[in-house]
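Residue-level structural notes
So you can see what is in the structure, the chains are spelled out below.
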Amino acid sequence: MSELSTISRHAATVLTGQLAVMAFGVTDTIVAGRYGEASLAALSVGSAIFISVYVALIGVLQALLPVWAEQRGARQTEAIGRSLRQAMYLCAAASVVGMAILLSPGPLLRWTEVPPALRTEVERYLAVLALALPPALLFRIYSTLNQALGRPQLVTWLQVGSLFIKLPLSIWFTFGGMGLPAQGVVGCAWATLIVNCSMLGLAIWLLRTRDIYDPLAIWRRMERPHWPTIAGFARLGVPAGLAVMVEVTSFTLMALFIARQGTIASAAHQIASNLAAVLYMVPLSLSIATSARTSYWLGAGEPARARQVVLLGLRLAALSAIALAAILFIARHHLGSIYSSNAAVVAMAGGVLVWVAAYHLADAMQTLCVFVLRCYRITVAPLVVYCVLLWGAGLGGGYLWAYHGAGMWAVAPSPMPFWAASAAALLATALLFVAMLWRAIHRKG
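Since the model is a prediction, treat every value here as computed from it, not as a measurement.

Despite not being glycine, Ala217 shows a phi value in the positive range, around 50°. The topology assignment puts Ala217 in the loop between α8 (185-209) and α9 (227-258). On the basis of relative accessible area, Ala217 is assigned to the buried category, the value being 14%. Residue Arg377 is not a glycine yet carries a positive backbone phi of 60°. Among the structural elements, Arg377 can be located in the loop between α13 (343-375) and α14 (380-404). Residue Arg377 is classed as partly exposed on the basis of its relative accessible area, which comes to 40%.

Next up, the structure:
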């Protein structure tokens, strides 16, 4: 089987599962929007905080993909099982940190000047999601393991199947019915908790019953923490997780800053960020597939084959990004009406989506680069670039432009300056990452 076929099949399988997971967010956005503008605004703020925490922590765990893929390439199967058991300690620490943040969002809400009317609902929403975080992180380890083994379909089946649980539960818990009172946006969080626990339970059952996991010897007695192994995970995962946190918060914090502009602007931004996240699933899937194959060949001692995989992944990411950005630009005036029936929200969202299309072009290239850079154990430099460009030029520049700049956006509150500044910052990031990756693959031989 050619590398193009292998990467394409792996990416397509991962994409199917990721789109199913993204459908959870799309469902919540549409359900909350139909319930009321205030609920959609609360979802925008609450999901921004949760995603910032969740994605940073799964970035730490996802960074283990190159480790397990290299061990697979070197045919060290039982080493994967030992490494997986040590990863449980890392997951436990990540769960404690994440839950602590989600249960105390008050200081962040006050710092970003989220209107008091939204704070209570946001805090209730995040309290439920704090319970949903540990099973979500454990399932991410299962997902990462399967990606490293080249078996993402086992994860995809669970993700697609769970959509059929999430959709009716979100509607039922939000609007109420059959004796259950309407819970608004908090109902979406309860649905997420049930889905996460169900997916984890099925993942454990598969690990116990499927033959493909037998060579890994996963179910041996749990060892004591092996600090050199955990420290190695941390050196790879913590910078990667922090980099993901900076990347994600560079636009999720936009939701908190935009909240002061009112519910119309918050709702329009929620639509834009939701579509950006959906589009992101394509380069994310390509990045996972490309990094898995790159690490496999590096572990097998064939750096030239790894370099070919990297170049192929870059071409696929560029072509898909151009196609998706063009579709988004052409359909920008129609997409907002899917999420909201408010004409003002739809009109503002249509304008913002122009910048989302530009954002996606840069996002696709930098995503693939940063995933592959981890295969070459380059994690600190991308973190520095993210901090300077995405937080500084992107988020900071957008804030200054929106609230202290001149021109039409200084007169009419709008999310547009945030998205425009972020797109420019992400383009500079992508160019730097391509240069880093080019140097890494040629230095490796």
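Membership of the largest hydrophobic core comes to 146 residues, with the highest contact counts inside it found for Trp68, Tyr142, Leu145 and Tyr376. In contact with Tyr142, other than residues within four places in its own chain, are Leu154, Val155, Leu158, Ala203, Leu206, Leu207 and Tyr213.

With that settled, the discussion passes to a nonpolar patch on the surface. Residues Tyr35, Leu167, Ile171 and Phe175 make up a contiguous nonpolar surface patch of about 350 Å² in total accessible area. By secondary structure assignment, the location of Leu167 is in helix α7 (residues 153-175).

A few words now on the side chain of Thr429. Take Thr429: it is sitting in helix α16 (residues 416-443). At 2.9 Å, the side chain of Thr429 forms a polar contact with the backbone oxygen of Ala425. If near-sequence neighbours (up to four positions away) are discounted, Thr429 is found in contact with Gln366, Val385, Tyr386, Leu389 and Leu390.

We now examine the pattern of salt bridges. Taken as a whole, this structure holds eight salt bridges when the rule is applied. With a closest N to O distance of 3.1 Å, Lys166 and Asp28 form a salt bridge. One end of the pair, Lys166, is in helix α7; the other, Asp28, is in helix α1 (residues 3-35), with 138 residues separating them in the sequence. Take Lys166 and Asp28: they sit in the same class, and that class is buried. The salt bridge involving Glu78 is made with Arg220; its shortest N-O contact spans 3.2 Å. Highlighted residues: Glu78 in helix α4 (residues 77-102) and Arg220 in the loop between α8 and α9, separated in sequence by 142 residues. The class for Glu78 is partly exposed, based on a relative accessible area of 34%. Judged by relative accessible area, which is 46%, Arg220 ranks as partly exposed. Here the salt bridges share partners, and the residues they tie into one network are Glu3, Arg293, Glu302 and Arg305.

This paragraph deals with the packing of helix α10 (residues 263-299) against helix α12 (residues 332-339). The geometry of α10 relative to α12 is characterised by a closest axis approach of 10 Å and an angle of 105° between their N-to-C directions. By the angle between their axes, α10 is roughly perpendicular relative to α12. Between α10, through Ile271, Asn274 and Leu275, and α12, the contact on the second element is made entirely by Leu335, Gly336 and Tyr339. Tallied by class, the residues present in the contact of α10 with α12 amount to four nonpolar, two polar and no charged.

Once that is clear, we can look at the environment of Ile378. Assignment of secondary structure puts Ile378 in the loop between α13 and α14. For Ile378 and Ala440, which are 62 residues apart along the polypeptide, the C-alpha to C-alpha distance reads 8.5 Å. With residues up to four places along the chain from it excluded, the contact list for Ile378 reads Leu373, Ala440 and Arg443.

Across the interface, α13 lies against α16 with an axial gap of 8 Å and an inter-helix angle of 20°. The pairing of α13 with α16 is recorded here as roughly parallel in orientation. As for the relative orientation of α13 and α16, their crossing is left-handed in sense.

Now for α13. With 33 residues, α13 extends 47 Å from end C-alpha to end C-alpha; this agrees with the ideal 48 Å at 1.5 Å per step. Considering bend angle alone, the principal kink of α13 is centred on Leu353 and spans about 30°. With respect to burial, α13 is a largely interior element, 26 of its 33 residues being buried. Where α13 ends, the next residue or the one after it, Arg377, has phi of about 60°, a positive value.

A full pass over the atoms with the stated rule returns 10 aromatic pairs. Each ring, one from Tyr403 and one from Phe418, has its centre 6.1 Å from the other, and the planes form 65°; the classification is edge-to-face. With Tyr403 in helix α14 and Phe418 in helix α16, this pair connects stretches of sequence that are 15 residues apart. Take Tyr403: its relative accessible area is 26%, and that puts it in the partly exposed class.

Procedures and definitions
Residues numbered from 1 in each chain as written. Predicted model: local features only at pLDDT ≥ 70, side-chain atom pairs only at ≥ 80, totals over all residues. Heavy atoms only, no water. Helix = DSSP H or I, 4+ residues; strand = E, 2+ residues; numbered from the N terminus. Buried < 20%, exposed > 50% of the residue type's maximum accessible area, 1.4 Å probe, protein only. Core = buried A, V, L, I, M, F, W, Y, C linked by side-chain atoms within 4.5 Å. Contact = heavy atoms within 4.5 Å. Patch = residues over 30% accessible without salt bridge, like charges linked within 9 Å, V, L, I, M, F, W, Y side chains within 5 Å. Areas by Shrake-Rupley, 256 points an atom, 1.4 Å probe, with all protein chains shown as cover. Salt bridge = Lys/Arg side-chain N within 4 Å of Asp/Glu carboxyl O. Polar contact = N/O pair within 3.5 Å; in protein donor to acceptor, adjacent residues only side chain to side chain. Axes fitted to C-alpha atoms, helices over the stretch in contact; angles between N-to-C directions. Parallel < 35°, antiparallel > 145°, perpendicular 65-115°, else oblique. Nonpolar A, V, L, I, M, F, W, Y, C, P; charged D, E, K, R; others polar. Left-handed = near helix turned anticlockwise from the far one by under 90°. Expected span 1.5 Å × (residues − 1). Bend = angle between axes of the 7 residues up to and from the residue. Phe/Tyr/Trp six-rings, centres within 6.5 Å; stacked < 30°, edge-to-face > 60°.

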